[in-house]
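# Residue-level structure breakdown
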Amino acid sequence: MLVLLAGIFVVHIATVIMLFVSTIANVWMVGSYSFGTISTGLWLQCNKTCTQLPVSSQNEASLKAVQAFMILSIIFSVVALILFIIQLFTLEKGKRFYMTGAVMLVCWMCILIAVSIYTARFTGTMVYSTNPHHGYCFILAWICFCFSFIIGILYLVLRKK
């Protein structure tokens, strides 16, 4: 049981780190253009230098929603991690980690909303590029989606021994 708790804790920390990386780095979409490669993220568009992300007025609200939900997912994941540590030392034997699991599932839902909006609105639409494809940040966000769901369910099922 101790090994399972340690494993979940390590995967939770890895999820938090991957959420930070996927939100901060600007490689959600990658494409090529005449001078090399170009990448866009949630905040900037980068080739050799980074500039403000060109977004049409109809997609601006969608981009703000993706940014907000990714930031919320980071906050809920960190809160769940702190809550797990607190519950590890204060919870009675035989009790379950309900609060930690619930907060982690809220994180999962925020990631789902953010990545779904990004997929629906911004996939394949890169200005000045040909052959656009998803970058590693987009893939990391989906990996975090899977990890946060698994961790949330495991927290709900686990009992403190």
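This text follows the structure it describes.
Let me begin by describing the structure that accompanies this report. This structure is a prediction, so every number in the text was calculated from the model and none was measured. (Residues numbered from 1 in each chain as written. Predicted model: local features only at pLDDT ≥ 70, side-chain atom pairs only at ≥ 80, totals over all residues. Heavy atoms only, no water.)

### Some remarks on the overall build of the chain
On a plain count of helices and strands, the chain comes out with four helices and five strands. Ordered by position from the N terminus, the helices and strands of the chain form the series α-β-β-β-β-α-α-β-α. In terms of overall dimensions, the chain has C-alpha extents of about 60 × 30 × 20 Å along its principal axes. Burial status across the chain gives 41% buried among its 161 residues. Partitioning the contacts of the chain with sequence separation of at least 6, the portion at a separation of at least 24 is 73%. (Helix = DSSP H or I, 4+ residues; strand = E, 2+ residues; numbered from the N terminus. Buried < 20%, exposed > 50% of the residue type's maximum accessible area, 1.4 Å probe, protein only. Contact = heavy atoms within 4.5 Å.)

### Thoughts on the pairing of strand 1 (residues 29–33)
In the case of a regular strand, side chains alternate between the two sheet surfaces. Relative to strand 2 (residues 36–40), strand 1 is paired through five bridges, and the arrangement is antiparallel. Following the sheet pairing, Val30 is matched in strand 2 by Ser39. (Pairing = 2+ DSSP bridges.)

### Describing the sheet that holds strand 4 (residues 50–52)
Overall, antiparallel pairing links the five strands, which are arranged 4-3-2-1-5 in an open sheet. Edge positions in the sheet fall to strand 4 and strand 5 (130–134), since each has one partner strand and no second. On average, each strand axis in the sheet is tilted by 25° relative to the strand beside it, whichever way the strands run. (Axes fitted to C-alpha atoms, helices over the stretch in contact; angles between N-to-C directions.)

### Thoughts on the packing of aromatic side chains
For the coordinates displayed, the defined rule picks out twelve aromatic pairs. Where Tyr118 meets Phe122, the ring centres are 5.3 Å apart and the plane angle is 35°; that geometry is what we call tilted. With Tyr118 and Phe122 both in helix 3 (residues 98–122) and four residues apart, the pair spans about one turn of that helix. Overall, Phe122 belongs to the buried group, its relative accessible area being 9%. Feature note: the residues Trp28, Trp108, Tyr118, Phe122, Phe138, Trp142, Phe145 and Phe149 constitute an aromatic cluster, connected by ring pairs. (Phe/Tyr/Trp six-rings, centres within 6.5 Å; stacked < 30°, edge-to-face > 60°.)

### As for the side chain of Thr15
Mapped onto the elements, Thr15 comes out in helix 1 (residues 2–24). By relative accessible area, which is 0% here, Thr15 ends up buried. A polar atom in the side chain of Thr15 sits 2.8 Å from the backbone oxygen of Val11. Apart from residues no more than four positions distant in its own chain, Thr15 is found in contact with Met104, Cys144, Phe147 and Ile151. (Polar contact = N/O pair within 3.5 Å; in protein donor to acceptor, adjacent residues only side chain to side chain.)

### Side note on the state of the cysteines
One pass over the full model with this rule turns up one disulfide. Here Cys46 is linked by a disulfide to Cys50, with a sulfur-sulfur distance of 2.0 Å. Across the S-S bond of Cys46 and Cys50 the torsion is about 105°, and the bridge reads as right-handed. With no disulfide of its own, Cys137 has Cys144 as its nearest cysteine by sulfur position, at a separation of 10 Å. Between Cys144, a cysteine without a disulfide, and Cys107, which holds the nearest cysteine sulfur, the sulfur-to-sulfur distance is 7.9 Å. (Disulfide = S-S within 2.5 Å.)

### Notes on the pairing of strand 2
Between strand 1 and strand 2, which pair antiparallel one after the other, the connecting turn spans two residues. Linking strand 2 back to strand 3 (residues 44–46) in an antiparallel pair, the connection comprises three residues.

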